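A closer look at the structure
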Amino acid sequence: MSSILRSPAWILGIVLALVFTVEVCVMLVMPYLMPRFWGETATAIADALLLTLLCAPVLWWVIIGPLRRIAIQEHLRSETIVAGASEGILTLNEQGEIQSSNRAMTDLVGVNLEELIGQPARQWIDQLSCSMGILPTTLKTTVRRANGEEFPAEVSIRDYPSESQPLRIAVIRDLTQSQRAEEERLIMAREKESLRAQQMATLAQLATGVAHEIRNPLTSIKMLIQVNREALSKEGFETDDLELVEHEIRRMERSVSGLLDFARPEDGERRLFQLDDVLRTTSQLIEGRCKQQNVELNIESNFSESTLHGDPAQIQQLLLNLSLNAIDAMPDGGALSIRANQREKVIEIVVSDTGNGIRDDILPRLFTPFATSKTAGVGLGLSICRRIAESHGGNLSGHNRLNGGAEFVLTLPLANDDAATLAELTRDEASCKVC
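1. What to know about the pattern of salt bridges
- With the rule as written, the count across this model stands at nine salt bridges.
- Of the charged contacts in the structure, one is a salt bridge between R144 and E150, with a shortest N-O distance of 3.8 Å.
- A residue is classified by how much of its surface remains accessible, and E150, at 48% relative accessible area, is partly exposed.
- Among the ionic pairs, D328 bridges to R289, the shortest N-O distance being 2.3 Å. Of this pair, D328 sits in helix α9 (residues 312-328) while R289 sits in helix α8 (residues 275-292); the two residues are 39 residues apart in sequence, bridging distant segments of the chain.
- One connected set of salt bridges, linked through shared partners, spans D276, D277 and R280.

2. A word on the nonpolar core
- Of all hydrophobic cores here, the largest spans 35 residues; its most connected members are L318, L319, L336, L396, F408 and L410.
- Secondary structure elements with two or more residues in this core: α8, α9, β9 (334-343), β10 (346-353), α10 (381-391) and β12 (406-413).
- Counting residues per element, this core draws most heavily on α9, which supplies six residues.
- Discounting chain neighbours no more than four positions away, the residues touching L319 are V278, L279, T282, I349, V351 and L410.
- Membership of the second largest hydrophobic core comes to 20 residues, among which are V111, L116, L139 and V143.

3. Some words on unusual backbone geometry
- One non-glycine residue, N294, adopts positive backbone phi at about 60 degrees.
- With respect to the helices and strands, the residue N294 is situated in the loop between α8 and β7 (295-301).
- A relative accessible area of 59% means that N294 is categorised as exposed.

4. Some thoughts on α8
- Helix length check: α8, at 18 residues, gives a terminal C-alpha distance of 27 Å against a target of 26 Å (1.5 Å per residue), a fit within 8%.
- When the local axis directions of α8 are compared, the greatest deviation, roughly 40 degrees, occurs at I286.
- Within α8, the full set of buried residues consists of L275, V278, L279, T282, S283, I286 and C290.
- At the exit of α8 stands N294, carrying a positive phi of roughly 60 degrees.

5. Things to note about the sheet that holds strand β1 (residues 88-92)
- On the basis of which strands lie adjacent, the open sheet formed by five strands has the order β2-β1-β5-β4-β3 and antiparallel pairing. Two strands close off the open sheet at either side, each with one partner strand: β2 (98-101) and β3 (137-144). Within this sheet the neighbouring strands show an average axis-to-axis angle of 30 degrees, counted without direction.
- Across eight bridges, strand β4 (residues 150-160) lies against strand β5 (residues 167-174) in antiparallel orientation. Residue pairing for β5: A153 is matched across the bridge by D174.

6. Observations regarding the environment of F367
- Among the secondary structure elements, F367 is positioned in the loop between β10 and α10.
- The exposure class assigned to F367 is buried, which follows from its relative accessible area of 12%.
- Residue contacts for F367: discarding those within four places in its chain leaves L382, S383, R386, L396, S397, G398 and F408.

7. Things to note about a nonpolar patch on the surface
- Residues F20, V24, L28, V29 and L33 make up a contiguous nonpolar surface patch of roughly 490 Å² in combined accessible area.
- Its location among the elements puts L33 in helix α2 (residues 8-33).
- Given a relative accessible area of 57%, L33 falls into the exposed group.

8. What to know about the sheet that holds β9
- Within the open sheet, the five strands sit side by side as β7-β9-β10-β12-β11. Their pairing is mixed. Every other strand in the sheet has two partners, leaving β7 and β11 (395-400) as the edge strands with one partner each. The average undirected angle you get between the axes of adjacent strands in this sheet is 15 degrees.
- Along the sheet face, α9 touches β9, β10, β11 and β12 and points at about 25 degrees away from the line of β10.
- Strands β11 and β12 of the sheet are contacted by α10, whose axis makes an angle of about 135 degrees with β11.

9. Topic: the packing of α9 against α10
- At their nearest, the axes of α9 and α10 sit 10 Å apart, and the two run at 145 degrees to each other. Seen along the crossing, α9 lies across α10 with a hand that is left-handed. The residues of α10 that touch α9, namely those facing Q314, I315, Q317, L318, N321, L322 and N325, are G381, L382, I384, C385, I388, A389 and S391.

10. Some words on the side chain of T282
- Of note, T282 is situated in helix α8.
- Ignoring anything within four residues of it in the chain, the contact list for T282 reads Q316, L319, L320 and S323.

Conventions used here
Residues numbered from 1 in each chain as written. Predicted model: local features only at pLDDT ≥ 70, side-chain atom pairs only at ≥ 80, totals over all residues. Heavy atoms only, no water. Salt bridge = Lys/Arg side-chain N within 4 Å of Asp/Glu carboxyl O. Buried < 20%, exposed > 50% of the residue type's maximum accessible area, 1.4 Å probe, protein only. Helix = DSSP H or I, 4+ residues; strand = E, 2+ residues; numbered from the N terminus. Core = buried A, V, L, I, M, F, W, Y, C linked by side-chain atoms within 4.5 Å. Contact = heavy atoms within 4.5 Å. Expected span 1.5 Å × (residues − 1). Bend = angle between axes of the 7 residues up to and from the residue. Pairing = 2+ DSSP bridges. Axes fitted to C-alpha atoms, helices over the stretch in contact; angles between N-to-C directions. Patch = residues over 30% accessible without salt bridge, like charges linked within 9 Å, V, L, I, M, F, W, Y side chains within 5 Å. Areas by Shrake-Rupley, 256 points an atom, 1.4 Å probe, with all protein chains shown as cover. Left-handed = near helix turned anticlockwise from the far one by under 90°.

It is worth stressing that arrangement in space is one thing and function is another; only the former is reported here.
Here it is, written out as structure tokens:
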């Protein structure tokens with residue numbers, strides 16, 4: 001019944017049906033109730049009076065009573081929700097004076113309800129008067145307690161429907177706990193980053209020492225094997241085993257070189273360069289490999305002429321490493337995409353593939369040294385890539401795509417106009433000196 005009464009069409013239909021039914025009944029019984037000597041006027045008055053006396057109780061019982069109960073229930077439910085809300089809720093008039101408040105608001109400011117009603121809300125909430133013109137609005141400000149203390153809060157102000165006078169409703173949420181949690185999170189992040197930096201420094205020192213101790217003996221062993229392999233080959237002996245040993249020694253040398261690159265990164269030559277040049281060179285270097293593995297290469301660069309400041313060789317090394325990793329992830333073919341897009345003052349380069357994606361056990365420690373899913377990999381490539389990105393003031397992140405494959409996002413800051421102007425002046429001065 002309550003669902004029927006919530007529809008205006010149903011209510012109108014029920015009212016018309018009741019009035020029609022009662023009117024028919026009255027018209028049928030009126031000739032038997034009215035004296036014959038009464039005139040038409042008296043008969044009409046009696047008919048209207050009888051219709052009213054019969055329709056009013058029926059309408060009250062069928063329509064008005066249930067609607068009244070529904071309205072009372074909804075009002076009580078709204079009052080219960082407002083009273084039990086954890087956020088402070090105020091209703092304000094056009095002058096910003098408090099008309100009503102819930103219990104949470106009185107607890108927040110530490111006053112009784114009687115002391116709060118009728119007072120200007122700006123007495124407790126800063127910047128409130130500046131935010132009443134354009135509604136709805138949300139602002140972060142401070143709220144004062146009765147003892148003079150202040151706490152951060154988020155205030156949302158909306159229009160409140162009222163027939164008597166224009167009202168606003170303000171919802172005040174205490175941000176003390178969330179702000180404290182954010183500060184703790186930042187402190188933990190700084191401590192974690194500091195610990196990571198210490199671990200990386202220790203690892204770099206260890207890697208440098210180990211690499212130096214291994215590189216020299218490996219070089220001597222490789223030279224001896226090469227000399228003996230050539231001598232034995234001339235005498236007609238099989239040298240397949242020696243070739244295998246030499247191949248493995250070269251692989252160990254590559255691992256040692258990776259350790260040295262990780263431990264002692266080159267500073268490189270920092271200058272202004274065009275991203276288009278780096279993308280073009282990277283494309284030329286991987287085209288042959290893509291054709292061999294049936295990988296479709298797609299490079300999209302709407303802002304390829306953007307100017308960056310840094311070492312173009314290191315940025316090229318970074319993109320080349322990401323591209324080769326993507327190609328390795330697609331041994332049976334696929335698609336490799338490199339997209340460059342500009343966002344505000346940064347350039348975003350996205351390298352994505354259609355391979356099997358990053359393994360779940362590798363994903364959380366993707367940029368950690370020695371984390372790799374390749375059987376012949378060392379696991380230093382992505383660590384070096386992220387360090388190159390960070391040394392250029394950027395960031396490198398990686399994740400799996402929803403439709404399959406992996407995606408790495410490199411963000412680099414664009415060169416500012418002052419640096420570009422200074423570089424242009426330097427080139428002009430150099431050309432003048434040559435002339």
